[in-house]
Amino acid sequence: IYQSIPEEHLLSLAEKKKAKDAWEAIKTMCQGASRAKAAKIQTLKAEFEFLSMKDTDLLEDFCMKLNGIVTNIRALGEDIKESYVVKKILHAVPPKFLQIASTMEPFGNLETMTVEEAVGSLKAHEERIKGNTENNGGQLLMTEEDWIKREGGENKLLLTREE
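To keep things clear, this report deals only with the structure shown in the data block. Quick caveat, the model's predicted, so the values are computed rather than measured. (Residues numbered from 1 in each chain as written. Predicted model: local features only at pLDDT ≥ 70, side-chain atom pairs only at ≥ 80, totals over all residues. Heavy atoms only, no water.)

Topic: the pattern of salt bridges
Next, step 1: Applying the stated criterion to the full structure yields four salt bridges.
Next, step 2: Residue E60 is joined to K123 by a salt bridge in which the shortest nitrogen-to-oxygen separation is 3.6 Å. With E60 in helix 3 (residues 59–75) and K123 in helix 6 (residues 115–136), this residue pair connects regions lying 63 residues apart in the sequence.
Next, step 3: Looking at E60, the relative accessible area reads 45%, which means it is partly exposed.
Next, step 4: Residue R74 is joined to E82 by a salt bridge in which the shortest nitrogen-to-oxygen separation is 3.9 Å.
Next, step 5: The class of E82 is partly exposed, set by a relative accessible area of 30%. (Salt bridge = Lys/Arg side-chain N within 4 Å of Asp/Glu carboxyl O. Helix = DSSP H or I, 4+ residues; strand = E, 2+ residues; numbered from the N terminus. Buried < 20%, exposed > 50% of the residue type's maximum accessible area, 1.4 Å probe, protein only.)

Right, here's the structure in full:
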């Protein structure tokens, strides 16, 4: 028995006089470990379910956090399907990704799509959004009142309007 027990448990087992008492202690330790493992899995699953991406979050940071949770769940022996993670990503993104996520759901096969494919599509969309905001970042729109004030008179508005 002593050869198959981790060192940290050996001291508590050394006090046992009978093999039956040692086996009971081992059983209790293992049950405690399995309960702790189940509790950790439940905590990670809850964190996974409630995780959502904010408008200010970068897609890469969000996906790394999500991947870390999934990796920890899988390391504890719980199975999480790739399609479930893909669906979670598409449902957790902010409104700026809604158009691409809505397109991917009916036209992409989410059951066979990998996380990398989904993230790649979302990253491409994010780059397009970045490109558009950088190009249009310097433009400001003025109201009619602002334009009149800028021109220095009330009726110097160059645009014509029909009434």
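Points about the packing of aromatic side chains
Next, step 1: As enumerated under the stated definition, the model contains one aromatic pair in all.
Next, step 2: Between K88 and the ring centre of F48, over which it is positioned, the NZ or CZ distance is 6.0 Å. (Phe/Tyr/Trp six-rings, centres within 6.5 Å; stacked < 30°, edge-to-face > 60°. Lys NZ or Arg CZ within 6 Å of the ring centre and 35° of its normal.)

So, the side chain of H125
Next, step 1: As for its placement among the helices and strands, H125 is situated in helix 6.
Next, step 2: Here the side chain of H125 touches K96 through a polar contact of 3.0 Å, landing on its backbone oxygen.
Next, step 3: Sequence-distant contacts of H125, defined by excluding residues within four places in its chain, comprise K96, F97, Q99 and I100. (Polar contact = N/O pair within 3.5 Å; in protein donor to acceptor, adjacent residues only side chain to side chain. Contact = heavy atoms within 4.5 Å.)

Things to note about the environment of S121
Next, step 1: Residue placement: S121 occurs in helix 6.
Next, step 2: Considering only alpha carbons, one finds S121 and A101, 20 residues apart in sequence, at a separation of 8.9 Å.
Next, step 3: Setting aside anything within four residues of it in sequence, one finds S121 in contact with I100 and M104.

Observations regarding the nonpolar core
Next, step 1: Within the largest apolar cluster, 28 residues are counted, with the highest numbers of intra-cluster contacts made by V85, V86, I89, L90, F97, M104 and L122.
Next, step 2: Among the elements of the structure, helix 2 (19–50), helix 3, helix 4 (82–92), helix 5 (98–107) and helix 6 are those that each provide at least two residues to this core.
Next, step 3: Broken down by element, this core gets its largest block of residues, seven residues, from helix 3.
Next, step 4: Those residues in contact with V85 that sit more than four places away from it in its chain are F48, L66, V70, R74, I80 and V115. (Core = buried A, V, L, I, M, F, W, Y, C linked by side-chain atoms within 4.5 Å.)

Regarding the packing of helix 3 against helix 4
Next, step 1: Remark: helix 3 packs on helix 4, axes separated minimally by 12 Å, with the N-to-C direction vectors making an angle of 150°. Accordingly, the angle class assigned to the pair helix 3 and helix 4 is roughly antiparallel. Where helix 3 crosses over helix 4, the two elements pack in a sense that is right-handed. On helix 4, the residues that touch F62, L66, V70 and R74 of helix 3 are E82, V85, K88, I89 and A92. (Axes fitted to C-alpha atoms, helices over the stretch in contact; angles between N-to-C directions. Parallel < 35°, antiparallel > 145°, perpendicular 65-115°, else oblique. Left-handed = near helix turned anticlockwise from the far one by under 90°.)

Remarks on the environment of K65
Next, step 1: By the element assignment, K65 lies in helix 3.
Next, step 2: For K65, a relative accessible area of 47% gives the class partly exposed.
Next, step 3: Apart from the residues lying within four places of it in its own chain, the contact partners of K65 are E47 and L51.

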